[in-house]
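Below, each chain spelled out in residue letters.
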Amino acid sequence: MRDVARFALDQAATATGGAFNLAAPTGRETMGGLLDACLHTTGSTGELRWVTADFLAGHGVRQWTELPLWRTAPGAWAVDATAAHTAGLHCRPLSTTVADTWNWLRAGGRAVEHPRWQDHGIGRLKEAALLATCPSV
């Protein structure tokens, strides 16, 4: 958010206007990179288990709500942010954002409460069942 805020303020100061898609450069970050950064930053000994989209769909895992950031619709992640980068958007590495967020949480930061909070994430029993049957990819 700091990068977005800085970009918005810079754009307001230049008064050039325009609409922009805001995203890190395509291909710079991956889900694996995000999860590795989370494990490393928190000192977790968690084990990543990779499965196919077909496996998840076949077991009724709901996209986006049960598994955050998982979308398979064509074009779902096709965001062209070239104009924003040309206009000066700079995105910190994802590992920096993970570390900053972890430090904020450890200092007492809390997520904003939301009425649909309970609708997000895979329940422990469903996760255990998935892990017990998932093949290695």
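Residues numbered from 1 in each chain as written. Predicted model: local features only at pLDDT ≥ 70, side-chain atom pairs only at ≥ 80, totals over all residues. Heavy atoms only, no water.

K.L.:
Can you explain helix α2 (residues 31–42)? Please cite residues and give values.
P.N.:
The first and last C-alpha atoms of α2 sit 17 Å apart over 12 residues, in line with the 16 Å expected at 1.5 Å per residue. Where α2 is concerned, the buried positions are Gly32, Leu34 and Ala37. As for α2, its buried residues are in contact with α5 (94–106). (Helix = DSSP H or I, 4+ residues; strand = E, 2+ residues; numbered from the N terminus. Expected span 1.5 Å × (residues − 1). Buried < 20%, exposed > 50% of the residue type's maximum accessible area, 1.4 Å probe, protein only. Contact = heavy atoms within 4.5 Å.)

K.L.:
Hey, could you go over the environment of Thr133 for me, with residue numbers and the actual values?
P.N.:
Structurally, Thr133 is set in helix α6 (residues 124–133). Classification of Thr133 as partly exposed rests on a relative accessible area of 47%. Considering only alpha carbons, one finds Thr133 and Phe55, 78 residues apart in sequence, at a separation of 9.7 Å. Discounting chain neighbours no more than four positions away, the residues touching Thr133 are Phe55 and His59.

K.L.:
Before we move on, could you go through the environment of Leu69 and cite the residues and values that matter?
P.N.:
Secondary-structure assignment places Leu69 in the loop between α3 (53–58) and α4 (82–86). In this structure, Leu69 is in contact with Met31, Leu34, Trp64 and Trp77, ignoring residues within four places of it in sequence.

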